[in-house]
Every structure is written in C-alpha cells, then in structure tokens.
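For reference, the chains in residue letters:
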Amino acid sequence: MSKRTDISTPEGYFDSLQSRLADIPRREEERASAAPKGIRRLAPYAAFAASIAVAVVLGNFILRSTAVPQEDDGWTYLSYLSQALDPDGAALVDEAAWEDEEGILSEEDIINYLLADGISVEHLNYVNYEEGY
Amino acid sequence: MENAEIVFNEIVKEYSERVYWHVRRFVNSHEDADDLVQDIFLKIWTALPSFRGEAQLFTWVYRIATNETLNWLRREKVRAALRFTSVDAEMEKRIDNDPFFDGDAADRALSKAVAKLPEKQRQVFILRYYDEIPYEEMSSILGTSVGALKASYHIAQEKVKASLGKEFDMGD
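A tally of helices and strands in chain A yields six helices and two strands. The order of α-helices and β-strands along chain A, N terminus first, is α-α-α-α-β-β-α-α. Look at the contacts in chain A between residues 6 or more apart in sequence, and 45% of them connect residues 24 or more apart.

Structure, rendered in structure tokens:
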C-alpha cells in the first residue's frame with residue numbers, strides 16, 4: 001500500500017493553488033475597503049450591541065450552569081430545530097437517528113453547523129468559544 | 001509588499017501542499033480539500049498578526065489546519081444527519097467516487113477504514129501514518145501528551161488492521 005500515490009490532483013493544481021492563496025491578502029483588502037462607509041460608521045454600535053448580546057448569553061449560561069437541576073423535559077436544540085422545521089406537526093428529526101459511532105450528535109456540532117450557515121449568535125442564543133490561535 | 005504579506009507568501013510556498021494532503025485525507029474529496037485549504041489559509045492570514053512565535057510556525061499552521069478540518073467534519077456530520085444518512089456512509093461514497101483516487105483495492109479499503117475511526121484517533125493516525133509527523137510535534141499541534149498519542153495511534157492501528165482483515169478475510 002502506498003502512502004501518497006493512491007490519491008492525486010488535477011495537472012498543475014499546486015501552481016494554481018499557490019497563486020490563489022497568495023492572492024488572499026489582496027482580496028481581503030479589497031473586501032475590507034468595499035464595505036460601505038455607512039456600515040463602517042455603524043461598526044462601533046454593532047460591536048456594542050454584540051457585547052450586550054454576549055453578556056446576556058454568558059449570564060444565561062452562568063445561570064443555567066449554576067441552577068439546581070430540574071427534571072429534564074428533553075427540550076434540546078434538536079427539538080428547537082425540529083420545531084422550526086415543522087412547527088405544526090410531528091417532529092421531523094428523529095433524535096435517535098442522530099446517533100453515530102461517537103454518540104449522539106452534540107449540540108455543539110449542530111450550533112457549529114448553523115453558525116457556519118449564517119445563523120446569528122443572537123438567534124441561537126449561544127456564544128461559541130473563541131479559539132486561541 | 002508589506003512584511004505580513006511576505007511572511008504569508010512564504011507560508012503558502014512552504015506549507016500549502018502539505019496542508020492540502022493533510023486535509024485531503026480527512027475529507028476524501030479533491031474539491032472539498034481545495035475549498036477547505038483556502039479557508040485555512042484565509043484563517044492563517046487573519047490570525048498572522050497574533051502569531052507571536054512562541055510556537056513553531058509549522059506547529060501553528062498545522063494547528064489551524066487541524067482545527068478547521070475538525071470543524072468542517074463536524075458540520076459534515078450534521079449535514080449528513082439532515083440527509084438522514086451517516087457521515088461514514090458519505091465518506092465511503094466519496095472514496096468510491098473520487099476521480100483522483102488512483103490506488104488499488106487495499107488502498108481504498110485503508111482509506112475507508114481510516115474514515116471510520118473516531119475523530120481523535122483519525123487525527124492521530126493521519127498525522128502519524130500519512131503525514132509522518134513525529135509524536136513530539138504532534139503533541140504540540142494537538143495539545144496532547146506523547147504517551148496518549150502513542151496509545152491512540154496503537155488503538156487506531158489495531159482498528160484499521162481489524163477492518164482490513166475483515167475486508168480481505170485475513171482473520172486475526
């Protein structure tokens with residue numbers, strides 16, 4: 001069995017990849033300067049609103065984590081997702097079907113997916129931890 | 001050209017190919033690996049001002065690549081669930097349909113066995129077996145002790161062997 005010869009790339013791929021990657025700083029600069037002036041003026045207010053939202057979410061998290069445990073009503077993000085998809089009827093998402101080799105799909109996985117899909121933190125009432133690069 | 005841009009271009013030259021192969025082993029598709037490598041380098045560019053040089057550049061780049069790849073895999077797990085399938089089944093399909101897969105049946109079976117490993121073990125297996133990264137460097141990338149990594153690799157190797165044994169009816 002070979003380690004790398006079992007997979008390949010299109011001809012000349014790495015040259016094209018390198019030039020696309022090297023273009024990232026220019027593209028990012030263009031994107032930053034293309035942001036409308038109005039939006040840039042609103043940025044401090046947006047940052048303030050975001051910090052309030054983060055404070056609310058953190059407060060909620062602290063309250064939830066320090067509260068005396070109540071009987072679990074099974075109302076998870078999956079239930080929210082299922083309710084959102086089908087508010088009138090039976091749940092579309094069978095939670096048992098979400099099990100995989102490493103256990104049930106975690107809320108973090110779902111939230112990570114929803115955030116990547118453009119759902120805002122405020123909508124999810126959740127704050128994702130900052131990665132410490 | 002600014003200093004940061006010069007450094008970034010050096011990172012691209014030095015690591016883009018390695019990062020691509022690393023990512024490709026996880027995602028089992030050239031197109032997705034290509035997209036993900038671009039996301040990873042965008043992240044590297046954005047995070048470059050915060051790179052203080054405490055970690056080796058190589059470790060730092062790999063850490064970002066590994067984290068981004070795991071985030072991608074987690075999203076893929078949810079996408080698969082929304083399609084009422086499993087990410088394992090999706091990965092098998094990708095390996096079978098990959099036009100840039102040139103290996104033989106044993107290579108294919110190995111790729112499928114690796115794709116079925118739990119997240120952490122897959123990470124360790126890919127870094128050690130395919131990327132040939134020493135345990136000490138893996139330890140800095142993943143923030144796990146060398147002993148734990150060796151144990152993970154051993155377990156992963158046993159699972160892969162068992163899976164290949166079953167596939168080719170080799171017995172134990």
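Having seen it, we continue.
This paragraph deals with the overall build of chain B. Scanning chain B from N- to C-terminus turns up eight helices and zero strands. Along chain B, helices (α) and strands (β) appear in the sequence α-α-α-α-α-α-α-α when read from the amino end. For chain B, buried positions account for 35% of its 172 residues.

The subject of this paragraph is the confidence of the model for chain B. Residue and element names in this part refer to chain B. Residues at a pLDDT of 70 or more form 98% of chain B, whose mean pLDDT is 91. The weakest mean pLDDT in chain B belongs to helix α4 (residues 87-97) at 90; the strongest belongs to helix α2 (residues 30-47) at 96. Interface confidence in the predicted complex, given as ipTM, is 0.85; pTM for the same model is 0.69.

With 18 residues, α2 of chain B extends 25 Å from end C-alpha to end C-alpha; this agrees with the ideal 26 Å at 1.5 Å per step. Among the structural elements, α1 (13-22) and α2 (24-34) of chain A together with α1 (3-27) and α3 (57-82) of chain B are those in contact with the buried residues of α2 of chain B.

Thresholds applied
- Residues numbered from 1 in each chain as written.
- Chains lettered and ligands numbered in written order.
- Predicted model: local features only at pLDDT ≥ 70, side-chain atom pairs only at ≥ 80, totals over all residues.
- Helix = DSSP H or I, 4+ residues; strand = E, 2+ residues; numbered from the N terminus.
- Contact = placed C-beta atoms within 7 Å.
- Buried ≥ 20, exposed ≤ 12 C-beta atoms within 10 Å, placed from the backbone.
- pLDDT = per-residue confidence, 0-100.
- Expected span 1.5 Å × (residues − 1).

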